[in-house]
Amino acid sequence: MKCNYKKKLKLNYGEREKLTVLMEIYKMNADEIVNLNILDDIFELLTSTKERGFEDIISPHYTLDSKNREIIIHCIKIIEKVGIKYSDLVSTYIPYLIKLLDSEFEEIRFASAEALANIPSRLTIYAYPKIIKKLNDKIYAKTLVKFIKKSENKEAILLKLFENFNENTLYVIKELSKYDKILTYEFIPIILKKYGIKEARNILNMG
């Protein structure tokens, strides 16, 4: 069975067949996936799969149904599942997950952000500048909260966040207030100015 998975993840197999295999692997628990000894094969497939498949090139209206992007997302989710339990086994893949935050496709960016947020490795913290730059969605905001909580240098992230304040920043501050009110005090003046006294009081009363 191990050889069968390894073989079907190789490039000479079709996208549909590789996707079927990945979906089957994703249903397994982290230990079962580790025991298959295929993490490097999955990462190789991830890095070698182009975001735009052949069907995107010849027929733009297929863009929302690309098997290539589904392959990329399933590879990310498998790495995430293993990484949640065994972060050391996926540490060498983290820089590539950070790189995928620059994908032109939202679904790939979101999958990468969620994986980075959930893998308990300090290396994922290096993604925070990109996340703050793209802080235009609740998924990124939730990701940033997790980054800040597991960072040893929370102040550096908060300073960058202060410089890039928007409505999703308010969500981050509210969530952090439940965790550590002191971290969010510096944001009270800007919240007062942008959102008024009611929101500022909400922050101060949380936790």
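This text follows the structure it describes.
First, a word on what this report is: a plain description of the structure on this page. (Residues numbered from 1 in each chain as written. Predicted model: local features only at pLDDT ≥ 70, side-chain atom pairs only at ≥ 80, totals over all residues. Heavy atoms only, no water.)

## Let's talk about the overall build of the protein
Inclusion rule: Numbering of helices and strands starts at the N terminus; helices are DSSP runs of H or I of at least 4 residues and strands are runs of E of at least 2. Here's how the labels work: a residue is buried when its accessible area is under 20% of the maximum for its type, exposed when over 50%, partly exposed in between, all with a 1.4 Å probe on protein chains only. In this analysis, two residues are considered to be in contact whenever any of their non-hydrogen atoms come within 4.5 Å of each other. Shrake-Rupley sampling with a 1.4 Å probe provides the accessible areas, and residues are treated as covered by the protein chains on show and by no other component. Asp and Glu are treated as the negative residues and Lys and Arg as the positive ones, with His and the ends of the chain left uncounted. For charged residues, the charge sits on one atom: NZ in Lys, CZ in Arg, CG in Asp, CD in Glu.
Along its length, the protein carries 16 helices and 0 strands. With the C-alpha coordinates of the protein rotated into their principal frame, the extents come out at 60 × 40 × 25 Å. Every one of the 207 residues in the protein was classed for burial, and the buried ones make up 46%. By sequence separation, contacts in the protein at least 24 residues apart represent 64% of the contacts at least 6 residues apart. About 11300 Å² of surface is accessible on the protein, with carbon and sulfur atoms providing 53% of the total. Separation between the mean location of the 35 positive side-chain charges and that of the 29 negative ones in the protein comes to 3 Å.

## Overview of the packing of aromatic side chains
Definition in use: Each Phe, Tyr or Trp ring (for Trp, its six-membered ring) is paired with any other whose centre lies within 6.5 Å, and the angle between the two planes then decides the class: stacked below 30 degrees, edge-to-face above 60, tilted in between.
Under the criterion given, the structure shown has 6 aromatic pairs. Ring geometry for Phe-110 versus Tyr-140: centroids 5.3 Å apart, planes at 70°, classification edge-to-face. Placement of Phe-110 in helix H9 (residues 106-118) and of Tyr-140 in helix H11 (residues 138-150) is noted, with a sequence separation of 30 residues between them. By the ring-pair criterion, three or more aromatic residues cluster together here, those being Phe-162, Phe-165, Phe-187 and Tyr-195.

## As for the pattern of salt bridges
Here is the rule we go by: Every case where a carboxyl oxygen of Asp or Glu lies within 4 Å of a side-chain nitrogen of Lys or Arg is listed as a salt bridge.
What the rule picks out here adds up to 11 salt bridges. Between Asp-41 and Lys-6 there is a salt bridge, with the nearest N and O atoms lying 2.7 Å from each other. You can see Asp-41 sitting in helix H4 (residues 39-48) and its partner Lys-6 sitting in helix H1 (residues 2-8), a full 35 residues away along the chain. Residue Glu-17 is joined to Lys-8 by a salt bridge in which the shortest nitrogen-to-oxygen separation is 3.8 Å.

## Some points on unusual backbone geometry
Unlike most non-glycine residues, Asn-37 shows phi in positive territory, near 55°. Summarising the element assignment, Asn-37 is placed in the loop between helix H3 (30-35) and H4.

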